[in-house]
Amino acid sequence: MSEIGQDIQKASALLKQGQLVAIPTETVYGLAANALDTKAVVKIFEAKNRPFFDPLIIHVASVEDIELYCKNIPEIAYQLAAKFSPGPLTMLLDKKDVVPDLVTSGLPQVAVRIPKHELTLKLLKTVGLPLAAPSANPFGYISPTNVTHVEQQLGKKIQYILDGGNCEIGVESTIVGFEGDSIIVHRIGGLAIEELETFGKKVELRINHSSNPQAPGQLKSHYAPRKPLFVGDIDELIKQHSGKKISVLSFYNTYSVYTKQLSSKKDLHEAAHNLFSYLRELDASDTEIILAEKFPNTFLGRAINDRLERAATK
Ligand code: TXA
Ligand code: MG
């Protein structure tokens, strides 16, 4: 069992000693270690059972901190950060030598973001180190959005869980890279494409749906419950699976079987906020099969569809 609390000094001391601490962010909880300490970073991969080819995001408190760990930062990155950070935006930037190759799985660029969570920003300022942190779940499973989720699965492997309540956004950050004056989106997440487009630059989606290990996190199967999950037309799917105990994850509709509505008031933000938590609840229930609706492919609906597609039984 790990200790759960809001003690920044304690979390900071553990991180400086090379231990793991789970941290809250506005997207999902992260499993953090000192990004500059290779031995500490190894513990992250071990605790999650994560393959070493899947690179980690580093979390920092400010744009000045980004400059400590990244070089050749394009002007457009500064502009994006000014508009969307702290927030659910992760940028791929050329790494400086201080960032261990283990963090980036040997890639020349490092993923960096400034999380929008008061406790974690305080921790980052106190500890004065970049924190490498993937989502705090066993590799391939649903990401955690509260401390109970973290404790249930990784409690035995973490010294301390910093309790920051329920994650406001509920899906992971949007990952972008830069090519000339274009923004390349590598993972659809909490920062909507439509918001990125208001920025006035060309936005190109380059979402990987293969099992190409060059772009993990984008692995085709990810974010998955243990129960079979099918996405599509619910009435059709109910017919196909008749005889089984079925539960449905819907946007706002109700069906002839047990249904969890992600947002009865049809709000995509609320739906994203509830997504992983409801998915876990159904996974832990006595249902045999989970069915999920396809969401409108706009704003956070795109991130929800992306996660459901990857979580679905292939
Ligand atoms: O919202 C989030 O981003 C959360 C919170 C904790 O910050 N973190 C998160 O980390 O989702 P993780 O490890 O579950 O996903 C990180 C993904 C990798 O799987 C990979 O696809 C991409 O980020 N990534 C990281 N470093 C990269 C790099 N150098 N080049 C390309 N992709 C990278
Ligand atoms: Mg993850």
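You'll find the structure just up there.
Summary of the structure given here. Every chain is numbered independently, its residues counted from 1 as its sequence is written. To read the labels, note that chains go from A and ligands from 1, taken in the order they are written. With the structure being a predicted model, the display of local features is reserved for residues of pLDDT at least 70 and the display and counting of side-chain atom pairs for 80 or more, all residues being used for whole-chain, interface and lining totals. Heavy atoms from the whole structure form the basis of all side-chain values; hydrogens and water molecules are not counted.

**Observations regarding the site of ligand 1**
One heavy atom within 4 Å of a molecule or strand is enough for the residue carrying it to be called near that molecule or strand. Taken together, 24 residues form the shell around ligand 1, and within it Thr-27, Asp-54, His-59, Gln-109 and Ser-173 come nearest. Here an oxygen atom of ligand 1 sits 2.6 Å away from a polar atom, N or O, in the side chain of Asp-54. Polar contacts, as counted here, are pairs of nitrogen or oxygen atoms within 3.5 Å of one another; within protein the pair requires one atom able to donate a hydrogen and one able to accept it, and residues that are adjacent in sequence qualify only if both atoms are side-chain atoms. A distance of 2.6 Å is found between an oxygen atom of ligand 1 and a side-chain nitrogen or oxygen belonging to His-59. Here the shell around ligand 1 takes three residues from strand 7 (residues 109-113), the largest share from any one element. Lys, Arg, Asp and Glu make up the charged group, whereas Ala, Val, Leu, Ile, Met, Phe, Trp, Tyr, Cys and Pro make up the nonpolar group; the residues left over, Gly among them, are polar. Partitioning the shell around ligand 1 into residue classes produces 11 nonpolar, eight polar and five charged. A run of H or I in DSSP becomes a helix once it reaches four residues, and a run of E becomes a strand once it reaches two; helices and strands are each numbered from the N terminus.

**Digging into the environment of Gly-190**
Structurally, the position occupied by Gly-190 is in the loop between strand 11 (182-187) and helix 8 (193-197). With a relative accessible area of 6%, Gly-190 lands in the buried category. In this structure the C-alpha to C-alpha distance between Gly-190 and Glu-172, which are 18 residues apart in sequence, comes to 5.9 Å. Leaving out residues up to four positions away in the same chain, Gly-190 has contacts with Pro-88, Ile-169, Val-171, Glu-172, Ser-173, Thr-174 and Leu-300. Partly exposed residues are those whose accessible area sits between 20% and 50% of the maximum for their type, while under 20% is buried and over 50% is exposed, using a 1.4 Å probe and protein chains only. Only heavy atoms enter the contact rule, under which two residues are in contact if any of them lie within 4.5 Å.

**Regarding the pairing of strand 6 (residues 89-95)**
With five of its seven residues buried, strand 6 lies for the most part within the structure. The pairing criterion for strands is at least two bridges between them, as found by DSSP. In this structure, strand 5 (residues 70-71) lies alongside strand 6, joined through two bridges in antiparallel fashion. Within the sheet, the bridge partner assigned to Cys-70 lies in strand 6 and is Lys-95. Alignment of strand 6 against strand 10 (residues 174-179), held across three bridges, turns out to be parallel.

**Some details on the pattern of salt bridges**
The working definition used for a salt bridge is a side-chain nitrogen of Lys or Arg within 4 Å of a carboxyl oxygen of Asp or Glu. As enumerated under the stated definition, the model contains 17 salt bridges in all. Lys-202 is paired through a salt bridge with Glu-204; the nearest N and O atoms lie 3.9 Å apart. The class of Glu-204 is partly exposed, set by a relative accessible area of 28%. As a salt-bridge pair, Arg-206 and Glu-204 come within 3.0 Å of each other at their nearest N and O atoms.

**Section: the side chain of Thr-25**
Note on placement: Thr-25 falls in the loop between strand 2 (21-23) and strand 3 (30-34). A polar side-chain atom of Thr-25 sits 2.7 Å from the main-chain carbonyl oxygen of Val-28. In this structure, Thr-25 is in contact with Arg-113, Pro-115, His-117 and Cys-167, ignoring residues within four places of it in sequence.

**Quick word on the packing of helix 10 (residues 268-284) against helix 11 (residues 300-311)**
To obtain each axis, a line is fitted to C-alpha atoms, and for helices this fit is confined to the stretch in contact; angles are then taken between N-to-C directions over 0 to 180 degrees. Relative to each other, helix 10 and helix 11 sit at 25°, their axes nearing to 9 Å. As the angle between them shows, helix 10 and helix 11 are arranged roughly parallel. Seen from above, helix 10 lies across helix 11 with left-handed handedness. Every residue of helix 11 that contacts helix 10 at Leu-268, His-269, Ala-271, Ala-272, Leu-275 and Phe-276 is listed here: Leu-300, Gly-301, Ile-304, Arg-307 and Leu-308. Classifying every residue of the contact of helix 10 with helix 11 by side-chain character gives eight nonpolar, two polar and one charged. An angle below 35 degrees is treated as roughly parallel, one above 145 as roughly antiparallel, one from 65 to 115 as roughly perpendicular, and anything else as oblique. In a left-handed crossing the near helix is turned counterclockwise from the far helix by less than a right angle, and in a right-handed crossing that turn is clockwise.

**Topic: unusual backbone geometry**
In the segment running from Ser-85 into Pro-86, the intervening peptide bond is cis, with an omega of -5°. Assignment of secondary structure puts Pro-86 in the loop between helix 4 (75-84) and strand 6. Positioned with a positive phi, Ser-105 is a non-glycine residue whose angle comes to about 50°. Along the polypeptide, Ser-105 turns up in the loop between helix 5 (101-104) and strand 7. On the basis of relative accessible area, Ser-105 is assigned to the partly exposed category, the value being 26%.

**Focus: the sheet that holds strand 14 (residues 246-250)**
The sheet built from four strands is open, its strands ordered 13-16-14-15 with parallel pairing. Edge positions in the sheet fall to strand 13 (229-231) and strand 15 (258-261), since each of these pairs with one other strand and no more. Neighbour-to-neighbour, the strand axes of this sheet turn through a mean angle of 25°, independent of strand direction. Across three bridges, the pairing between strand 13 and strand 16 (residues 289-292) is parallel. When the sheet's bridge partners are listed, Val-231 is paired in strand 16 with Ala-292. Running over the sheet, helix 10 touches strand 13, strand 14, strand 15 and strand 16 and is turned about 175° from strand 14.

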